[in-house]
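Read off the chains here:
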Amino acid sequence: MKKKADLLAKLRRWDAGEFDLTDRLEEGFTPDEPQDSAYPWDREAPVERLERAQIRVWQRLYPYLAALLCAVTVVFLLYAVMDLPAFGQAGTPSQNEVMERYVSKGVFETGAVNLVAGVILDYRAFDTLGESHVLFTAAAAVLMLLLGAAPGRSERELEGIVSSDLIVQNTARIVVPVVLLFGVYVILNGHLGPGGGFSGGAIIGAGLILYTLAFGFARLGRYLNFKTYRIIVLGSLLFYSLSKCYSFFCGANHLETIFRTGVPGRIFSAGLILPLNLAVGTVVACTMYGFYALFQRGKI
Amino acid sequence: MSGLDLFALALLGLLLVTGVGACLSKNLLVTLIIFMAYSVIMSIIWAMLQAPDLAITEAAVGAGVSSILMFVTLRRLRDIKRRAEDEKEG
C-alpha cells in the first residue's frame, strides 16, 4: 500500500512539472524532451497516466492475490473433505448401502440396463450437470482465446492441404459414414450397453474432423457453421439444465417426469436418460469439431 | 498362466515402454505418435478390465481427437517458427 501511495505522489509531482531524473517512472525517459516523445505515456492525459500506474500496481499484486485465492480454496476443500468418513473404513455408507441400492434396485428404479448410465444420468445427474458446465466453460475459454486468431496458413494454403490427397479422400468416403453411424448407435444405446453421450459424441466429433481433413471446411460448413454450432450447443445445454436444475431446490432427489422408466431393455425406456444422452452427445460432438476448427483456422 | 494373462502382461510392458518413450523422445512428432500408441494400448487394457465405456472413450478421445488437436498445434508452432525465420532473413 505504501508503494502505491509513493507511486501516486511521484506521478502528481511529475504532472506538476517537477521532473527529476531519479524520479523517472520508466527506463528511457529523458526529462529534457517531454514534448514529441516516442513514449505514448507522455502524450496521455494525467488521469490516464494515473490509471496506467494503478494497473501496474495491480499487475504486481496479481500473483499474490492469485496465490491467496488458491490457498483459501485449498483450505475450504480440505475442510469439506474432513467431513467424509475415513478412507477404507468398513462402516461407510458409500461402500455398503449406496452400492447395494444401486446394484439391487438400479435397473428397476432408473430403467437403464447399463448401470453406469443409470448412475451418472439419473441418480447422480446433478453432478453430471456440474461436469457439463465445466466442459462448457472450458470450451468457451478456448473459443475466446482462439476465435479470430490468425490462422497458421492462408486460406488457399489450407484448401490445398485438405483437398488434394486422394488416399485420405477415398478412405474418408468409406470410413466416415460408418464412424458417424457408430457414434449415433453408441449415443442411442447409452442406457442399454456400454457407451453414452460423451463417448458417442467424441466418435461423431472424430468422424467430422476426418471428413473436414479430407474434403475441407467449406463442405462441412454448408450444414455446420458457427450459427448452427451455437444453436445446437446452447439448446442442448439449456435442455439439460432445465431438466435437472430442480435438484438445486430439492437436494438431488428423484422427481417423476413425463418420461417414464418403461420396460428395461427397450430403446424408449429409462426416462430422461436417452434425451440427456442425446444432449450431451451433440454438445460433445460440436465441441470436438469446434476445437479442431478453432485450432486449424481460427474460426468455426 | 493362461494366454490372456501373458497378453495382459505384454500390454502392460508395452504401456511402460510407450509411456517412458513418449517422455524421452527428442522429436515432438515422434512423441505424439508414441502417445497415440499409448492410448490404443490403454483402451485395450480398459476393455480387458471390463470397462467398455472407458475403452470406447479412450479410443475416441485419447487416440483420436486429442492427438489430432496436438498435431494441429504442432503444425501451427512450426508455421510460426518458419514465419519468424522468414522475417529474420528478409
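Being a predicted model, the structure only gives us computed values, none of them experimental.

Scoring rules and cut-offs
- Residues take numbers from 1 onward in each chain, read along the sequence in its written order.
- Chains carry letters and ligands carry numbers; both start at the beginning, A for chains and 1 for ligands, and go up in the order they are written.
- The predicted nature of this model means local features are confined to residues of pLDDT at least 70 and side-chain atom pairs, given and counted, to a pLDDT of 80 or more, with totals for whole chains, interfaces and linings taken over all residues.
- For the purposes of this entry, the term helix denotes a DSSP run of H or I that reaches at least four residues, the term strand denotes a run of E that reaches at least two, and both are numbered from the N terminus.
- Any residue pair is listed as a contact if its two C-beta atoms, each placed from the backbone, are within 7 Å.
- Note on definitions: a nonpolar core is a set of buried residues drawn from Ala, Val, Leu, Ile, Met, Phe, Trp, Tyr and Cys, linked by C-beta atoms within 7 Å.
- Remark: C-beta atoms are placed from the backbone, and a residue is labelled buried if 20 or more other C-beta atoms sit within 10 Å of its own, exposed if 12 or fewer do, or partly exposed between those counts.
- Here the expected length of a helix is defined as 1.5 Å per residue gap, with one fewer gap than residues.
- Orientation is described by lines fitted to C-alpha atoms, with helices fitted over the stretch in contact, and by angles between N-to-C directions that extend from 0 to 180 degrees.
- If you view the pair so one helix is near and one far, a crossing is left-handed when the near helix is turned anticlockwise from the far one by less than a right angle, and right-handed when it is turned clockwise.
- Put simply, Ala, Val, Leu, Ile, Met, Phe, Trp, Tyr, Cys and Pro go in the nonpolar bin, Asp, Glu, Lys and Arg in the charged bin, and everything else, Gly too, in the polar bin.
- pLDDT is a residue-level measure of predictor confidence that goes from 0 to 100.
- Consider a residue and the seven residues that end there alongside the seven that start there; fitting an axis to each set, the bend is the angle between those axes.
- Angle categories are assigned with fixed cut-offs, so that under 35 degrees is roughly parallel, over 145 is roughly antiparallel, 65 to 115 is roughly perpendicular, and the rest are oblique.

Colleague: Please explain the overall build of chain A as it appears in this structure.
Modeller: Looking only at helices and strands, chain A features twelve helices and zero strands. Of the regular secondary structure in chain A, the N- to C-terminal order runs α-α-α-α-α-α-α-α-α-α-α-α. Residue pairs in contact within chain A that sit at least 24 positions apart in sequence constitute 72% of those at least 6 positions apart.

Colleague: Sorry, what's going on with the overall build of chain B here?
Modeller: Scanning chain B for helices and strands turns up three helices and zero strands. Each helix and strand of chain B, ordered N terminal to C terminal, gives the series α-α-α. Projected onto its principal axes, the C-alpha positions of chain B cover 65 × 25 × 15 Å. For chain B, restricting intrachain contacts to residue pairs at least 6 apart in sequence, the fraction spanning at least 24 positions comes to 38%.

Colleague: Please clarify how the environment of A:G207 should be interpreted in this entry.
Modeller: All names here are of chain A. Checked against the element boundaries, G207 lands in helix α8 (residues 197-215). Separated by 31 residues in sequence, G207 and V176 place their C-alpha atoms 5.5 Å apart. Setting aside chain neighbours within four positions, we find G207 in contact with V176, V179, L180 and G183.

Colleague: Any chance you could explain the nonpolar core here in plain terms?
Modeller: Most often, soluble globular proteins keep nonpolar side chains buried together rather than apart. Within the largest apolar cluster, 55 residues are counted, with the highest numbers of intra-cluster contacts made by A:A202, A:I209 and A:M288. Of all the secondary-structure elements, those providing two or more residues to this core are α4 (115-123), α5 (125-146), α7 (166-188), α8, α10 (226-244) and α12 (273-297) of chain A together with α2 (28-48) and α3 (52-89) of chain B. In terms of residues, this core owes the most to one element, α12(A), which gives 17 residues. The residues touching A:M288, leaving out its near neighbours within four places in the chain, are A:A202, A:G205, A:A206, A:I209 and B:V65.

Colleague: Please clarify how α8(A) should be interpreted in this entry.
Modeller: Helical geometry: 3.6 residues make up each α-helical turn, so side chains three or four residues apart lie on a common side. Residue and element names in this part refer to chain A. Its 19 residues place the ends of α8 27 Å apart at the C-alpha level, agreeing with the 27 Å of an ideal helix rising 1.5 Å per residue. Burial runs high along α8: 17 of the 19 residues are buried. Immediately beyond the C-terminal end of α8, within one or two residues, lies G216, with a positive phi of roughly 90°.

Colleague: Before we go on, may I ask you to explain the interface of chain A and chain B in this structure?
Modeller: Think of interface size as the accessible area that goes away when the parts come together; that is how it is often given. Contacts between the two partners involve 19 residues from chain A, matched on the other side by 16 residues from chain B. For the side of chain A that touches chain B, the secondary structure elements donating two or more residues are α8 and α12 of chain A.

Colleague: Where do I start with the packing of α8(A) against α3(B) in this structure?
Modeller: Relative placement of two packed helices is described by the angle separating their axes and the distance separating the axes. Contact geometry for α8(A) and α3(B): axes closest at 9 Å, N-to-C directions at 30°. Read as a crossing pair, α8(A) and α3(B) show a hand that is left-handed. Touching A:F198, A:S199, A:A202, A:I203, A:G205, A:A206 and A:I209 of α8(A) are B:D53, B:I56, B:T57, B:A60, B:V61, B:G64, B:V65 and B:I68, all from α3(B). Looking at the contact of α8(A) with α3(B) residue by residue, the class counts come to ten nonpolar, four polar and one charged.

Colleague: I keep staring at the confidence of the model for chain B and nothing clicks. Help me out?
Modeller: Low pLDDT marks stretches whose predicted atomic positions should not be read closely. All names here are of chain B. Looking at chain B, the pLDDT average stands at 87 and 98% of residues meet or exceed 70. Confidence, expressed as mean pLDDT per element, reaches its minimum in chain B at α3 with 84 and its maximum at α2 with 91. Model confidence for the complex: the whole-complex pTM is 0.70, and ipTM, which rates the interface, is 0.81.

Colleague: What is the right way to look at α7(A) in this model?
Modeller: Over its 23 residues, α7(A) runs 33 Å from end to end, which matches the ideal 33 Å to within 8%, given 1.5 Å per residue. The largest bend in α7(A) comes to about 35°, at A:V175, with the proline A:P177 one to four residues further on. Within α7(A), burial applies to A:V176, A:V179, A:G183, A:V186 and A:I187. Considering only its buried residues, α7(A) is in contact with α8 and α12 of chain A together with α3 of chain B.

Colleague: Got a minute to help me understand the packing of α2(B) against α3(B) in this structure?
Modeller: Residue and element names in this part refer to chain B. At a closest axis distance of 7 Å, the pairing of α2 and α3 adopts a crossing angle of 170°. As judged from the angle between their axes, α2 and α3 are roughly antiparallel. Residues L28, L29, L32, F35, M36, S39, V40, M42, S43, W46 and A47 of α2 touch α3, and the partners they reach there are P52, L54, A55, E58, A59, G62, A63, S67, M70, F71 and L74.

Colleague: Explain the environment of B:L29 here, please?
Modeller: One can find B:L29 in helix α2. Spatially, the C-alpha atoms of B:L29 and B:R83 are 20 Å apart, while their sequence positions differ by 54 residues.

Colleague: What is the right way to look at the confidence of the model for chain A in this model?
Modeller: Looking at chain A as a whole, the pLDDT averages 76, with 74% of positions reaching at least 70. The lowest-confidence element of chain A is helix α6 (residues 155-163) of chain A, averaging 56 in pLDDT; the highest-confidence one is α7(A), averaging 89.

Colleague: So what exactly am I meant to see when it comes to unusual backbone geometry here?
Modeller: At B:Q50, a residue that is not glycine, the phi angle is positive and equals roughly 60°. Inspection of the secondary structure puts B:Q50 in the loop between α2 and α3.

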